[in-house]
Amino acid sequence: MLEERAYWLAWSQVLGVGPILLQRLHQHFGTLATAWDAPLEKLREVEGIGNKVLDAVREARSRVDPETLFQQHCENNFNFWTPIDEEYPRLLLEIPSPPPILYYRGQVNLQENLGSIPAIGIVGTRNATEYGRRWTKKISAALAQHGFTVVSGMALGIDTEAHRSCLDAGGRTIAVLGTGIDTIYPHSNNKLYEQIQQQGLVLSEYPPGTQPEAKNFPPRNRIIAGLCRAILVMEAAKRSGALITSRYANEFNRDVYALPGSLNQPQSMGCLELANRGAQMILGEGSLLEMLGEIPQLDRLEQPSKPLPALSPELAKVLDAIAPEPVSFDAIVQNSGLSTGDVSGAILQLELLGLITSLPGMRYQRL
């Protein structure tokens with residue numbers, strides 16, 4: 001598996017070979033390691049590969065050693081997933097163009113990657129009004145308090161408000177960047193970037209060091225839409241990047257919700273048009289949570305069972321008190337019969353062992 005991951009990384013360095021073409025290469029040759037070593041004429045058999053791409057492959061093979069490239073990424077702590085990894089976000093595998101390489105920094109939650117913890121995207125204009133910010137804060141906090149993961153793009157305006165409000169409410173948030181994983185944009189979000197790493201995840205499909213360019217952000221928006229069960233557009237002008245995210249959401253069969261606004265406000269026109277085309281309207285926290293609660297559950301993936309490690313009697317009591325469904329801290333204390341301090345220490349150890357996961361609102365879930 002390690003060798004194949006190195007070849008996914010190597011192929012991502014080939015100019016003109018994007019997510020769809022990589023999927024075709026993988027399907028045609030079985031592995032990308034085989035494709036990397038295949039004669040150029042064999043590569044020509046794959047739909048979409050012509051002379052220009054073959055020249056790029058020849059050039060990449062002359063300068064890229066897959067194993068060396070992989071070692072360099074490991075040495076620089078550039079963590080990443082490929083579509084063949086078990087941890088790769090499940091919902092992204094369902095879209096037509098899953099990122100071949102998905103770099104990440106922060107706190108990984110396997111249940112979130114499997115889709116068991118639903119993620120909701122919040123997007124909107126950089127030039128947000130006070131009305132848009134106020135409702136974004138309300139909605140993001142409500143989602144966080146009810147166990148949803150909030151996903152956005154860490155841009156100014158609505159994105160920034162969504163992330164901050166989620167964090168302030170004790171929730172978990174994911175930022176999808178249009179830059180390299182190590183490049184913060186805008187610079188004013190330096191502190192927010194660090195906070196997200198401590199309480200969520202930062203993702204990017206772009207190689208480390210990639211600087212902000214306008215062409216990078218529409219593809220970034222497809223990842224936001226792909227990760228989420230629903231997209232909320234809080235404010236958007238007629239030509240807003242948020243509308244690109246909503247179009248991807250429609251393409252990926254995700255639900256789209258729009259916050260209604262004033263006809264006199266340019267930042268509301270995109271949302272009003274979305275509502276006119278069938279998007280569901282956000283009419284308050286309560287009604288939104290009720291509608292989101294009706295999203296069908298994903299089928300659970302069968303995971304290979306692992307034998308439990310030897311646990312002390314105290315750890316075993318706490319683990320027995322935690323169900324596969326979210327359980328509050330107070331309930332764990334009551335069911336285990338242990339003191340608050342003993343339960344806190346046991347929970348930390350069980351998290352480190354990968355046996356449980358923490359959720360917003362001091363709730364815990366057995367894995």
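Our subject is the structure listed above.
The model shown is predicted, which means the values in this text are computed figures rather than measured ones. (Residues numbered from 1 in each chain as written. Predicted model: local features only at pLDDT ≥ 70, side-chain atom pairs only at ≥ 80, totals over all residues. Heavy atoms only, no water.)

Asks: Is there a simple way to explain the overall build of the chain in this structure?
Replies: Helix and strand content of the chain: 17 helices and 12 strands. Compactness check: the chain gives a C-alpha radius of gyration of 22 Å against a globular reference of 21 Å for 367 residues, within 12% of the reference. Along the three orthogonal principal directions, the C-alpha set of the chain runs to about 65 × 65 × 35 Å. Split into buried and exposed, the 367 residues of the chain put 51% on the buried side. Considering only contacts in the chain between residues 6 or more positions apart, those separated by 24 or more positions represent 69%. When the accessible surface of the chain is split by element, carbon and sulfur atoms take 50% of a total near 17400 Å². Computed over 32 positive and 39 negative side-chain charges, the separation of the two mean positions in the chain equals 6 Å. (Helix = DSSP H or I, 4+ residues; strand = E, 2+ residues; numbered from the N terminus. Rg over C-alpha atoms; globule rule 2.2 N^0.38 Å. Buried < 20%, exposed > 50% of the residue type's maximum accessible area, 1.4 Å probe, protein only. Contact = heavy atoms within 4.5 Å. Areas by Shrake-Rupley, 256 points an atom, 1.4 Å probe, with all protein chains shown as cover. Lys, Arg positive; Asp, Glu negative; His and termini not counted. Charge placed at Lys NZ, Arg CZ, Asp CG, Glu CD.)

Asks: I tried to follow the sheet that holds strand 10 (residues 327-328) on my own but got confused; where do I start?
Replies: Remark on secondary structure: sheet strands pair via backbone hydrogen bonds, oriented parallel or antiparallel. What the three strands build is an open sheet, ordered 10-12-11; its pairing is antiparallel. Two strands bound the open sheet, and with one partner strand each, they are strand 10 and strand 11 (356-359). With four bridges joining them, strand 11 and strand 12 (residues 363-366) adopt antiparallel strand pairing. Across the sheet, S358 pairs through a bridge with Y364, a residue of strand 12. (Pairing = 2+ DSSP bridges.)

Asks: Just checking my understanding: could you explain the environment of W135 for this structure?
Replies: Mapped onto the elements, W135 comes out in helix 8 (residues 130-145). Each C-alpha atom, one on W135 and one on F29, is 50 Å from the other, the two residues being 106 residues apart in sequence. Discounting residues that sit within four places of it in the chain, W135 has contacts with M234, L259, G284 and E285.

Asks: Is there a simple way to think about the sheet that holds strand 2 (residues 102-106) in this case?
Replies: Sheet architecture is open: nine strands sit in the order 1-2-6-5-4-3-7-8-9, paired in mixed fashion. Sheet topology places strand 1 (80-81) and strand 9 (280-281) at the edges, where each strand pairs with a single neighbour. Taken together, the three bridges between strand 3 (residues 119-123) and strand 4 (residues 149-152) define a ladder with parallel strand orientation. Within strand 4, the residue paired with I120 across the bridge is V150. Sheet strands in contact with helix 11 (residues 217-227) are strand 2, strand 3, strand 4, strand 5 (173-176), strand 6 (200-204) and strand 7 (230-233), and its direction is about 155 degrees off that of strand 5. (Axes fitted to C-alpha atoms, helices over the stretch in contact; angles between N-to-C directions.)

Asks: What is the right way to read helix 11 from this model?
Replies: Note: α-helices contain 3.6 residues per turn, so residues at a spacing of three or four share the same orientation. For helix 11, the tally of buried residues reaches nine of 11 residues, placing the bulk of the element in the interior. Those residues of helix 11 lying buried are F217, R220, N221, R222, I223, I224, A225, G226 and L227.

Asks: Would you explain the pairing of strand 8 (residues 255-258) in this entry?
Replies: Successive residues of a regular strand alternate their side chains across the two faces of the sheet. Sheet topology places strand 7 next to strand 8; four bridges connect them, and they run parallel. Pairing of L232 across the sheet is with Y257, part of strand 8. Between the parallel elements strand 7 and strand 8, the chain passes through helix 12 (residues 241-251) in a crossover that is right-handed. In the sheet, strand 8 pairs with strand 9 via two bridges, with the strands oriented parallel. Residue Y257 lies in a different strand from strand 9, and its bridge partner there is Q280. Handedness of the crossover joining strand 8 and strand 9 through helix 13 (residues 269-276) is recorded here as right-handed. (Right-handed = clockwise from strand over helix to strand, strands pointing away.)

Asks: Before we go on, may I ask you to explain the pattern of salt bridges in this structure?
Replies: Charged atoms that come close allow side chains of opposite charge to pair. One pass over the structure, following the stated rule, counts 10 salt bridges. Among the salt bridges present, the one from R172 reaches E112, with a minimum N-O distance of 2.7 Å. Pair noted here: R172 is in the loop between helix 9 (158-168) and strand 5 and E112 is in helix 7 (residues 110-113), with a separation of 60 residues, a long-range link. Taking the shortest distance from any N to any O, the salt bridge between E273 and R277 comes out at 3.8 Å. On the accessibility criterion, R277 (58% relative accessible area) is exposed. (Salt bridge = Lys/Arg side-chain N within 4 Å of Asp/Glu carboxyl O.)

Asks: Help me understand helix 5 (residues 51-63), please; the structure alone is not making it clear to me.
Replies: With 13 residues, helix 5 ought to run about 18 Å at 1.5 Å a step, and its terminal C-alpha atoms sit 19 Å apart, in line with that. Within helix 5, the full set of buried residues consists of V53, L54, A56, V57 and A60. Projection of helix 5 onto a plane perpendicular to its axis shows the buried side chains occupying an angular sector of 160 degrees, all on one side. Opposite the packed face of helix 5, turned more than 90 degrees from it, sit the exposed residues N51, K52 and S62. (Expected span 1.5 Å × (residues − 1). Arc of directions from axis to C-beta.)

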